[in-house]
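# Tertiary structure, described
Residues per chain, in single letters:
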Amino acid sequence: MQGSDTQLSGPRWLGLVRIAAWILVALIAAVTLVPIGLRPVVTADPSIERVAVYATAGLLMMVGYPRHWRWIPVSYTHLTLPTKRIV
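So, here is what we can say about the structure in this document. Please read all numbers here as calculations on a predicted model, not as lab measurements.

## Remarks on the packing of helix 1 (residues 10-33) against helix 2 (residues 46-64)
Here helix 1 crosses helix 2 at 150°, and the two axes come no closer than 8 Å. Classified by the angle their axes make, helix 1 and helix 2 are roughly antiparallel. Along this stretch, helix 1 crosses helix 2, giving a crossing that reads as left-handed. Counting all contacts with helix 1, which are made through Trp 13, Leu 14, Val 17, Arg 18, Ala 20, Ala 21, Trp 22, Leu 24, Val 25 and Ile 28, the residues of helix 2 involved are Val 53, Tyr 54, Thr 56, Ala 57, Leu 60, Met 61, Val 63 and Gly 64. A breakdown of the residues in the contact of helix 1 with helix 2 according to their chemical character gives 15 nonpolar, 2 polar and 1 charged.

What follows is the structure, encoded as structure tokens:
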């Protein structure tokens, strides 16, 4: 139905996706800065958790900012590569 209040319009939907993306980025930063003992553990392998969270944040950013989707993977690569630890 046209004009139905139950469906989200384009700009409103984009706004919700953008808010969700930035909340997830803030949560990533907060969890990164807390001591290791206070960090939540979902799986036995933290690499799986990191990949899932970064992929979700990247996907939300790409959907929320469709005109800038080409720069988002580049930004994540430049932000995360220097923080990788060599064991």
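## So, the side chain of Glu 49
Relative to the helices and strands, Glu 49 resides in helix 2. Of the side chains with opposite charge, Arg 50 lies nearest to the buried Glu 49, which makes no salt bridge, at 6.9 Å. In terms of polar contacts, Glu 49 uses its side chain to reach the backbone amide nitrogen of Val 42, at 2.8 Å. Those residues in contact with Glu 49, other than ones at most four positions away along the chain, are Pro 40, Val 41, Val 42 and Thr 43.

## Thoughts on a nonpolar patch on the surface
Taken together, the side chains of Leu 16, Ile 19, Ile 23 and Leu 27 present a nonpolar region at the surface, about 380 Å² in accessible area. On the basis of relative accessibility, which here comes to 44%, the residue Leu 16 falls in the partly exposed class.

Reading the values: the criteria
- Residues numbered from 1 in each chain as written.
- Predicted model: local features only at pLDDT ≥ 70, side-chain atom pairs only at ≥ 80, totals over all residues.
- Heavy atoms only, no water.
- Axes fitted to C-alpha atoms, helices over the stretch in contact; angles between N-to-C directions.
- Helix = DSSP H or I, 4+ residues; strand = E, 2+ residues; numbered from the N terminus.
- Parallel < 35°, antiparallel > 145°, perpendicular 65-115°, else oblique.
- Left-handed = near helix turned anticlockwise from the far one by under 90°.
- Contact = heavy atoms within 4.5 Å.
- Nonpolar A, V, L, I, M, F, W, Y, C, P; charged D, E, K, R; others polar.
- Buried < 20%, exposed > 50% of the residue type's maximum accessible area, 1.4 Å probe, protein only.
- Lys, Arg positive; Asp, Glu negative; His and termini not counted.
- Salt bridge = Lys/Arg side-chain N within 4 Å of Asp/Glu carboxyl O.
- Polar contact = N/O pair within 3.5 Å; in protein donor to acceptor, adjacent residues only side chain to side chain.
- Patch = residues over 30% accessible without salt bridge, like charges linked within 9 Å, V, L, I, M, F, W, Y side chains within 5 Å.
- Areas by Shrake-Rupley, 256 points an atom, 1.4 Å probe, with all protein chains shown as cover.

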